[in-house]
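Below, each chain spelled out in residue letters.
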Amino acid sequence: MHTGIKRLREFEEAFRELGCCVTGATNGVQIHHVKGRKFKHNKVLIGGHFILPLHYDLHMVTGSNPNAYHKNKRGFIDEFGQPRDLWLKCYTKVQDLYSIEESIINSIMDCRI
C-alpha cells in the first residue's frame with residue numbers, strides 16, 4: 001500500500017478511536033469526509049484530512065437524529081457547530097501522533113460549509 005494512503009488510513013483510524021465528535025459514543029462511529037476525499041480548498045488537497053468521526057445516527061440519512069449530517073446539513077451545523085471547529089477539537093487530540101502540514105490545517109480552518 002502506498003505510504004500516503006496508509007498514513008491517511010491511520011489518521012482516519014486515530015479519529016475513529018476518539019469516538020463521535022458530538023456525543024462521545026465509541027460504538028457505531030463512522031468517518032465522515034466533510035467535503036469528499038479529493039476536495040481542494042485554496043488549491044490545497046484537504047479531503048483526506050478534513051474528516052469527522054460521527055456516530056451513525058448523526059451521519060447518515062437513515063440515522064435516527066433529525067439533524068444527521070446527510071439528512072439535514074444546516075440543522076447539523078446549527079445544533080453542533082461548524083465542521084472545521086469539530087475537526088480542530090479532534091485534531092488537537094491526535095496531533096502529537098499525526099502532524100499534518102500547516103497549509104492543510106489553514107485550509108481546513110478557512111473552509112466554510
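Every value quoted in this text rests on a predicted model; they were computed, and no experiment measured them.

1. Description of helix α3 (residues 73-80)
An α-helical turn contains 3.6 residues, so any two residues separated by three or four positions project in the same direction.
Reasoning step 1: By the burial criterion, the buried members of α3 are G75, F76, I77 and F80.
Reasoning step 2: Phi turns positive one or two residues past the end of α3, at G81, with a value near 110°.

2. Observations concerning the packing of helix α4 (residues 83-94) against helix α5 (residues 102-110)
Reasoning step 1: Look at α4 against α5: their axes get within 8 Å of each other, and the N-to-C directions meet at 145°. Note that α4 runs across α5; the crossing there is left-handed. Contacts between α4 and α5 pair R84, D85, W87, L88 and Y91 from the former with I105, I108 and M109 from the latter.
Reasoning step 2: For the contact of α4 with α5, the class distribution of residues is six nonpolar, no polar and two charged.

3. Regarding the pattern of salt bridges
Reasoning step 1: Scanning all chains against the criterion turns up four salt bridges.
Reasoning step 2: Across the salt bridge formed by E10 and R7, the nearest N and O atoms sit 3.6 Å from each other. You can see E10 and its partner R7 sitting in helix α1 (residues 3-18), three residues apart, about one turn around the helix.
Reasoning step 3: Relative accessible area serves as the criterion here: at 28%, E10 is assigned to the partly exposed category.
Reasoning step 4: Looking at R7, the relative accessible area reads 37%, which means it is partly exposed.
Reasoning step 5: Between E12 and R37 there is a salt bridge whose closest N-O contact spans 4.0 Å. Of this pair, E12 sits in helix α1 while R37 is found in the loop between β1 (29-33) and β2 (40-41), placing the two residues 25 residues apart along the sequence.
Reasoning step 6: The exposure class of R37 is exposed, given its relative accessible area of 56%.

4. Remarks on the environment of K93
Reasoning step 1: Mapping K93 onto the fold places it in helix α4.
Reasoning step 2: Residue K93 is classed as exposed on the basis of its relative accessible area of 56%.
Reasoning step 3: Distance from K93 to A14, taken between C-alpha atoms, is 9.3 Å for residues 79 residues apart in sequence.

Scoring rules and cut-offs
- Residues numbered from 1 in each chain as written.
- Predicted model: local features only at pLDDT ≥ 70, side-chain atom pairs only at ≥ 80, totals over all residues.
- Heavy atoms only, no water.
- Buried < 20%, exposed > 50% of the residue type's maximum accessible area, 1.4 Å probe, protein only.
- Helix = DSSP H or I, 4+ residues; strand = E, 2+ residues; numbered from the N terminus.
- Axes fitted to C-alpha atoms, helices over the stretch in contact; angles between N-to-C directions.
- Left-handed = near helix turned anticlockwise from the far one by under 90°.
- Contact = heavy atoms within 4.5 Å.
- Nonpolar A, V, L, I, M, F, W, Y, C, P; charged D, E, K, R; others polar.
- Salt bridge = Lys/Arg side-chain N within 4 Å of Asp/Glu carboxyl O.

By themselves, these figures tell us nothing about what the structure is for.
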